[in-house]
Amino acid sequence: MLSLYNTMTREKEEFTPMNPPFAGVYVCGPTVYGHSHLGHGKSYVSFDVLLRYLRYLEYKVRYVQNITDVGHLTDDADAGEDKLQKQARLEKLEPMEVAEKYTASYFRDMDLLGNLRPDISPRASGHIPEQIELVKTLFEKGHAYEAGGNVYFDVSSFPGYGRLSGRTADDQRTGTRVRSADDKRNPRDFALWKSAGEDHILQWNSPWGWGYPGWHLECSAMAMRYLGETIDIHGGGLENVFPHHECEIAQSTAATGKEFVRYWMHNNMVTVDGRKMGKSLGNFTLLRDLYQRWEPMVVRLYILRSHYRSPLDFSDEGLAGAKSGLERLISFKSRLGSPEKGSASEAVLDLVSRTETDFRKAMDDDLNTPGALASLFEYVRAGNILLEGELSEADKHQMTVLLDTLATDVLGVQLASESSGGSSEELCRILGELRGYLRKNKLFQEADKLRDDLSNAGFSVRDLPGGASEVTADL
Ligand SMILES: [Zn+2]
């Protein structure tokens, strides 16, 4: 049974979705005004593993991850300039060009890291009507007030504010910078809608005049739009607990009168010499730069070697360790080859079931990926010993299936048999097998077409005695 640490209750709890087998997951996505760094990589790999594991457990998951393209201000609260508008000025682009450019960059970096795409990636700028509706409801229910064209959430009207972060009203006051807008009744109040000056490019008409939504509003509006008023799991980085998630809870719960989120999950940060890696601190390493030195799968394995709730201290030794781990997995996979299905021996069935049990035990314990990896490497060790003896094709097949399921399907670590990537030897082997298969099954027309096509494309095909075929590249 999967248990997850719930930031709200500060306990590990058994995960039971509201409407099994369906499970709704919302994760705060990127603000698209720059390339992703390793900190983003850690966060989205962690939630990707959650998604993959839930699917392995046969839940039907809808995974929503937003794209913030408006309203996120440079001070991460209610003051400063819109991050996208500022970047647009620096790059002499339209804000929406900035959004497109860095959304594409984000997905490219995450694809390389092996993260599955969300089922829905809603843009804040594409959900302005939903956000305006939510503000209207908050007005009607007495949780919002207008001041100088801005609309604020009245925190004193919502007693649950501070429960997620454990911050008392005093902490919150001292935590709020004095720069906060002075038309607020209370420094803890936060913006739902900001009035826009003429220089603000992204603005929309609303019952309160021209303006744009406060940053927290989009997640409430889009999570509820796609996952309902109560959602199963909401994730994000630890730095989102306060104020972002606290504000989301206040807005959603005040509007619907229902519990907003059943399980809150937060991912810890990447540190550099003990300090948080972040854009504002200038100590970040972009994923695209890291990929020049380390294969994306090495970076993924490196992230998975620590628990998502632990900080990950950035080091080249750590990455080198992950690289040798990845090589061990890859060489085990290529030792197993591409065997055929059949019934496996007792010894292999026993190893496979023991490994799967240990792996699941670790993953069930709040997604303990270091523990899951330990069971996988123990499997490789034991499997390599078995490979020294006599193993049937069926045995190897059984072992390959388990490796592919746990390492690739659940943990998302792709095990290409050559680390050089896109190996032509591997391709030739597959094509040779295909021609052999076609001939064996007397599909001579297809087999000959494949041979002719290959020869036109610069490959030689040689049929070997016994029905197999060998393909080589004439390069
Ligand atoms: Zn959010």
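Residues numbered from 1 in each chain as written. Predicted model: local features only at pLDDT ≥ 70, side-chain atom pairs only at ≥ 80, totals over all residues. Heavy atoms only, no water.

1. Thoughts on helix α7 (residues 241-256)
- The terminal C-alpha atoms of α7 lie 21 Å apart, and with 16 residues this matches the ideal 22 Å at 1.5 Å per residue to within 8%.
- Burial runs high along α7: 15 of the 16 residues are buried.
- After α7 finishes, the residue G257 shows a positive phi value of roughly 75 degrees. (Helix = DSSP H or I, 4+ residues; strand = E, 2+ residues; numbered from the N terminus. Expected span 1.5 Å × (residues − 1). Buried < 20%, exposed > 50% of the residue type's maximum accessible area, 1.4 Å probe, protein only.)

2. Things to note about the coordination of the zinc ion
- Donor atoms from the polypeptide that bind the zinc ion are C28 (SG), C219 (SG) and H244 (NE2), placed at 2.1 to 2.2 Å.
- Between the donor residues of the zinc ion, the gaps in sequence give the motif C-x190-C-x24-H. Of this pair, C28 sits in the loop between β3 (22-27) and α1 (38-56) while C219 is found in helix α6 (residues 215-227), placing the two residues 191 residues apart along the sequence.
- With a relative accessible area of 1%, C219 lands in the buried category. (Donors = N, O, S within 2.8 Å, 3.2 Å for Na, K, Ca; no water.)

3. Quick look at the pattern of salt bridges
- Within this structure, the stated rule accounts for 27 salt bridges.
- In this structure, E81 and R89 form a salt bridge, with 2.5 Å as the shortest nitrogen-oxygen distance.
- Take E81: its relative accessible area is 26%, and that puts it in the partly exposed class.
- Among the ionic contacts, a cluster of salt bridges with common partners joins R435, R439, D448, R451, D452 and D463. (Salt bridge = Lys/Arg side-chain N within 4 Å of Asp/Glu carboxyl O.)

4. Structural notes on the nonpolar core
- Formed by 84 residues in total, the largest nonpolar core has its most connected members in L38 and V299.
- Here this core takes ten residues from α1, the largest share from any one element.
- In terms of domain composition, this core takes at least three residues from each of domain 1 (18-267) and domain 2 (287-410).
- Of all hydrophobic cores here, the second largest spans 39 residues; its members include L138, A144, M224 and L227. (Core = buried A, V, L, I, M, F, W, Y, C linked by side-chain atoms within 4.5 Å. Domains from an automatic or database assignment.)

5. What to know about the domain arrangement of the protein chain
- Partitioning the protein chain into domains gives domain 1 (18-267), domain 2 (287-410) and domain 3 (424-473).
- Inter-centroid distance (C-alpha atoms) of domain 1 to domain 3 is 54 Å.

6. Side note on helix α3 (residues 95-112)
- Taking 1.5 Å of rise per residue, the 18 residues of α3 would be expected to cover 26 Å, and the 26 Å separating its terminal C-alpha atoms lies within 8% of that figure.
- Considering only its buried residues, α3 is in contact with α1, β4 (60-65), α2 (83-91) and α8 (287-293). (Contact = heavy atoms within 4.5 Å.)

7. What about the pairing of strand β15 (residues 469-473)?
- Bridge count between strand β14 (residues 459-463) and β15: five bridges; the pairing is antiparallel. Bridge pairing in β15 places S460 opposite T472.
- Hairpin remark: β14 followed by β15, antiparallel, with five residues in the connecting loop; positive phi at G466, about 100 degrees. (Pairing = 2+ DSSP bridges.)

8. Brief notes about the environment of P122
- You can see P122 is positioned in the loop between α3 and α4 (128-140).
- When its relative accessible area of 3% is taken as the criterion, P122 is described as buried.
- The sequence separation of P122 and T405 amounts to 283 residues, and the corresponding C-alpha distance is 30 Å.
- Leaving out residues up to four positions away in the same chain, P122 has contacts with V64, Q65, N66, I67, H127, M222 and Y226.

9. Re empty space enclosed by the protein
- Across all of its chains, the model carries three cavities of 30 Å³ or more by this definition.
- What lines the largest cavity is Y44, D48, Y63, Q65, Y106, F107, M110, D111, N115, L116, R117 and P118.
- Those elements that place two or more of their residues in the lining of the largest cavity are α1, β4 and α3.
- Per-element tally for the lining of the largest cavity: the top contributor is α3, with four residues.
- Here the residues of the lining of the largest cavity are counted per class, giving seven nonpolar, two polar and three charged.
- Approximately 70 Å³ is the volume found for the second largest cavity.
- Contributions of two or more residues to the lining of the second largest cavity are made by α1 and α9 (296-304).
- A per-element tally of the lining of the second largest cavity places α1 first, with four residues. (1 Å grid on protein atoms, 1.4 Å probe; cavity = no way out; pocket = protein on both sides within 12 Å on 5 of 7 lines; lining within 4 Å. Points joined across faces, edges and corners; volume = space filled by probe spheres on them. Nonpolar A, V, L, I, M, F, W, Y, C, P; charged D, E, K, R; others polar.)

10. Quick look at unusual backbone geometry
- Along the chain, P20 connects to P21 via a cis peptide bond; the corresponding omega equals 5 degrees.
- In this fold, P21 is placed in the loop between β2 (11-14) and β3.
- A positive phi angle is found at K92, which is not glycine, with a value near 55 degrees.
- Considering the arrangement of structural elements, one finds K92 in the loop between α2 and α3.
- Note on K92: relative accessible area 75%, which makes it exposed.

11. What to know about a nonpolar patch on the surface
- A cluster of nonpolar side chains, L434, Y437 and L443, forms an exposed patch at the surface whose accessible area comes to about 270 Å².
- Tracing the chain through its elements places Y437 in helix α14 (residues 424-440). (Patch = residues over 30% accessible without salt bridge, like charges linked within 9 Å, V, L, I, M, F, W, Y side chains within 5 Å. Areas by Shrake-Rupley, 256 points an atom, 1.4 Å probe, with all protein chains shown as cover.)

12. Concerning the packing of aromatic side chains
- Taken as a whole and assessed by the stated rule, the structure comprises 14 aromatic pairs.
- Ring geometry for W193 against W208: centres 6.0 Å apart, planes inclined by 55 degrees, an arrangement best described as tilted. Taken as a pair, W193 in strand β7 (residues 190-195) and W208 in the loop between β7 and β8 (211-213) lie far apart in primary sequence, 15 residues in all.
- Through a chain of ring-to-ring contacts, the aromatic side chains of F153, F158, Y161, F190 and F242 assemble into a single cluster.
- A cation over an aromatic ring shows up here: R185 above the ring of Y145, its NZ or CZ 3.9 Å from the ring centre.
- Residue placement shows R309 over the ring face of Y5; its charged tip is 4.0 Å from the ring centre. (Phe/Tyr/Trp six-rings, centres within 6.5 Å; stacked < 30°, edge-to-face > 60°. Lys NZ or Arg CZ within 6 Å of the ring centre and 35° of its normal.)

13. Considerations on the sheet that holds strand β6 (residues 150-153)
- A sheet is described by the order of its strands in space; here four strands give the open sequence β5-β6-β7-β8, paired in antiparallel fashion. Of all the strands in the sheet, the pair left with one neighbour each is β5 (144-147) and β8. Here the strands of the sheet are splayed against their neighbours by 25 degrees on average, with no regard to which way each runs.
- Examined bridge by bridge, β6 and β7 share three bridges and lie antiparallel to one another. Paired with V151 across the strands is W193, a residue of β7.
- The strands touched by α7 within the sheet are β6 and β7, with β7 carrying the most contacts at an inclination of about 85 degrees. (Axes fitted to C-alpha atoms, helices over the stretch in contact; angles between N-to-C directions.)

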